[in-house]
Each structure stands twice: as C-alpha cells, then as structure tokens.
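Understanding the architecture of this molecule
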Amino acid sequence: MSSQNRTGSRRAKITTITGLALAGALVLTGCSSEVEKGWLPTERGTTNHTDRIMDLWVNSWIAALAVGIITWGLLVWCIIAYRRRKGTVGFPRQLSYNLPLEVFYLTIPLFMVLVFFYFTDRDQQAIDDRSKPADVVVDVRGKQWAWDFNYKKGSVVSEDLHEAGVQAHLTGNTIDKDKLPTLYLPVGKSVDLELNSRDVIHSFWVPAFLQKRDMIPGKTNYIRLTPTKEGTYDGKCAELCGEYHSEMLFRVKVVSEAEFQAHMEELRQAGNTGLLDEKYDRNPSLNEIK
C-alpha cells in the first residue's frame, strides 16, 4: 500500500511540474512580438484593416487555446480521478444520462459559435464596406502569368492610364524585383481594387495586407482598403492557375501622393493612356466556332 502511495505521489508531482512548465512556456512566448501578432506576415498599421484582422485572428486563437486547455485538463483529471484502482472488482455504477451535463455540453458550444460568428461577421462587413466612393480605383487584370493594372479616372487620377506587366522568370537565381509588375498606391487614400481575370481563375494576394480574393472569369470581385504605411510589398497569385503559376509575381508600392502622381505622369509620357480592359481578355467559352 505504501508503494502505491509513493507512486501516486510521484505521478502527482510530475503532472504538477509539467503543467507549470507548459503554462510558463506559454506566458514567456506570449511576450514575443511574433506571438503578439499571431505569426502573421505583416506589422500593425500597414492598412486600415490590418489591425482589425490581426486582433480577430489573435483573439480567436486565445479563445480556442483557453477552451482547449480547459478541455484537456478535464480529460486528464477524469483519467486520473476515475482510473481503475488495483483490487477493484466488477464495473462501476452505470449512468444512462445526466441532463444538466448534457444541457451544458449543448449551450456552451452554441454560445461560443454565436460569439465567433458575431465578431467575424462584424469585421467582415467593416472590411468589405464600399458604401462611399474610393479615392482611387484600379482595375487589376490577372492573366497567365502576369498582371495588368488599369488606373481609372477619378478624384486622384486625372485620366485613364494602364501598365501592362510581364511574367517573372525563375531560374534559381535572385530575381530583379524592379522588373516585376508593380502596382502603385498613394498612402492615406482609399483604394478600390477591381479584381478581374483574363483567362482562368487567379487569386490576388498581398500577404502584408492580410487580404486575399479570387479573380474569376466573367465576375468582378473587390478589395477596399486604405494603405497607411509607405513601403514596398510582395504579392503573388494564390490560386494554382497553370504551368507557370509560381512565376505570377508582382509588387505593391505604397508611396506619397506626390510620388504617385509622378508615376502617373511617367505612364502618360510613355503613351500608356486608356485602359487594357475586357477587350484583351481570353475567354475560350465565348470564342466563335469556325
């Protein structure tokens, strides 16, 4: 009997020490900047939406981890507290149901799902709100395997301008990013990105903006954002779109309004007036049979 008590005491100590070590590790890792932003590939304040998306992501994980720790703790407690003791004969008392426990199991998960739904829907509606006109409208055309950017006439852009991009060529060596298709956006101005595909399904993704949306032939999708921090950000197609999908790269330069207008003037001087719109799309299903 004394041997059993010593074994049980050792197990209890090991369980306690392990639990404290895990809790300490979680507390320590929570101090790092990577954990604070949920290992997301950006910094706070990159756009007007990044803070909201980051908070939703991190808080969702905190809630999920809290539920997980409670659930795992209860499982371990049940395993230890109700384990079969040495010398026990027969089966324990069998229970067919426990109404309070079953109500608890139903209501708590339902409450959690409704809370997650509320915050997700609230943030999604705020991110996708296009009730007011944007300062800058850019028609982004994805194509196998590059990008065209059409800057539409508006309050910031004085006339329709375009910039045609070419495919990157990955050879295993360092690529010259200055030759990648580059989308210019003015800092502090609201932007509507009209996402269209010229051929197959693509996906517009700038990891630093924490927003990604598919580009579907015949359908226009939108991303509304306001870039709030100047810088150069990498982008790519996030939908497998053919043999050279990995070479469908681009960059976004968020610049001052003066630098943005200077780039618009460069396009104007280069003769890039007008739009490369749907006239240049390739849609095999609409081709005439000859």
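Model, not experiment: these values are computed from the prediction.

Glancing now at the overall build of the chain. A tally of regular secondary structure across the chain gives 5 helices and 10 strands. The burial tally for the chain puts 30% of its 290 residues in the buried class. Taking as baseline every contact in the chain between residues at least 6 positions apart, the subset at least 24 positions apart corresponds to 69%. On the chain, roughly 18800 Å² of surface is accessible, and the fraction owed to carbon and sulfur atoms is 60%.

A few words on the sheet that holds strand 1 (residues 136-143). Taken in spatial order, the 5 strands of this open sheet run 3-2-1-5-8, and their pairing is mixed. Strands with a single pairing partner mark the edges of an open sheet, and in this sheet they are strand 3 (161-164) and strand 8 (221-225). Between one strand axis and the next, the sheet turns by 20° as a mean value, whatever way the strands run. Here strand 1 pairs with strand 5 (residues 191-197) via 7 bridges, running parallel. Paired with Arg-141 across the bridge in strand 5 is Asn-196. Relative to strand 3, helix 5 (residues 257-269) is tilted by about 80°, and along the sheet it contacts strand 1, strand 2 (146-151) and strand 3.

Okay, the environment of Arg-282 next. Note that Arg-282 resides in the segment after helix 5. Look at Arg-282 and you get partly exposed, because its relative accessible area is 40%. Between the C-alpha atom of Arg-282 and that of Lys-143, which follows or precedes it by 139 residues, the distance is 8.8 Å. Here Gln-144 takes part through its side chain, which lies 2.5 Å from a polar atom of the side chain of Arg-282.

Once that is clear, we can look at a nonpolar patch on the surface. Residues Trp-57, Trp-61, Leu-65, Ile-69, Trp-72 and Leu-75 make up a contiguous nonpolar surface patch of roughly 660 Å² in combined accessible area. Tracing the backbone shows Trp-61 in helix 3 (residues 50-81).

The next point concerns the environment of Val-137. Take Val-137: it is sitting in strand 1. Residue class for Val-137 comes out partly exposed when judged on its relative accessible area of 21%.

Let us now look at the sheet that holds strand 4 (residues 182-186). Sheet architecture is open: 5 strands sit in the order 4-10-9-6-7, paired in mixed fashion. With one partner strand each, in any of the chains shown, strand 4 and strand 7 (211-215) form the two edges of the open sheet. Taking the axes of each pair of neighbouring strands and ignoring which way they run, one obtains an average angle of 20° across the sheet. Where strand 6 (residues 202-206) meets strand 7, 5 bridges bridge the pair, whose relative direction is antiparallel. Bridge assignment links Ser-203 to a residue of strand 7, and that residue is Asp-214.

Quick look at helix 4 (residues 99-127) now. With 29 residues, helix 4 extends 42 Å from end C-alpha to end C-alpha; this agrees with the ideal 42 Å at 1.5 Å per step. Regarding helix 4, its N-cap is Asn-98, as a side-chain oxygen of that residue lies 3.2 Å from the backbone nitrogen of Leu-101 further along.

Evaluation of the coordinates by the stated rule reveals 21 salt bridges. Of the charged contacts, one joins Arg-130 and Asp-192 as a salt bridge, the two residues approaching to 3.5 Å between their closest N and O atoms. Of this pair, Arg-130 sits in the loop between helix 4 and strand 1 while Asp-192 is found in strand 5, placing the two residues 62 residues apart along the sequence. Using a relative accessible area of 37% as the deciding quantity, one classes Arg-130 as partly exposed. Taken together, the shared-partner salt bridges in this structure form one network comprising Asp-139, Arg-141, Lys-143, Asp-148, Arg-198, Glu-278 and Asp-281.

Cut-offs applied
- Residues numbered from 1 in each chain as written.
- Predicted model: local features only at pLDDT ≥ 70, side-chain atom pairs only at ≥ 80, totals over all residues.
- Heavy atoms only, no water.
- Helix = DSSP H or I, 4+ residues; strand = E, 2+ residues; numbered from the N terminus.
- Buried < 20%, exposed > 50% of the residue type's maximum accessible area, 1.4 Å probe, protein only.
- Contact = heavy atoms within 4.5 Å.
- Areas by Shrake-Rupley, 256 points an atom, 1.4 Å probe, with all protein chains shown as cover.
- Pairing = 2+ DSSP bridges.
- Axes fitted to C-alpha atoms, helices over the stretch in contact; angles between N-to-C directions.
- Polar contact = N/O pair within 3.5 Å; in protein donor to acceptor, adjacent residues only side chain to side chain.
- Patch = residues over 30% accessible without salt bridge, like charges linked within 9 Å, V, L, I, M, F, W, Y side chains within 5 Å.
- Salt bridge = Lys/Arg side-chain N within 4 Å of Asp/Glu carboxyl O.
- Expected span 1.5 Å × (residues − 1).

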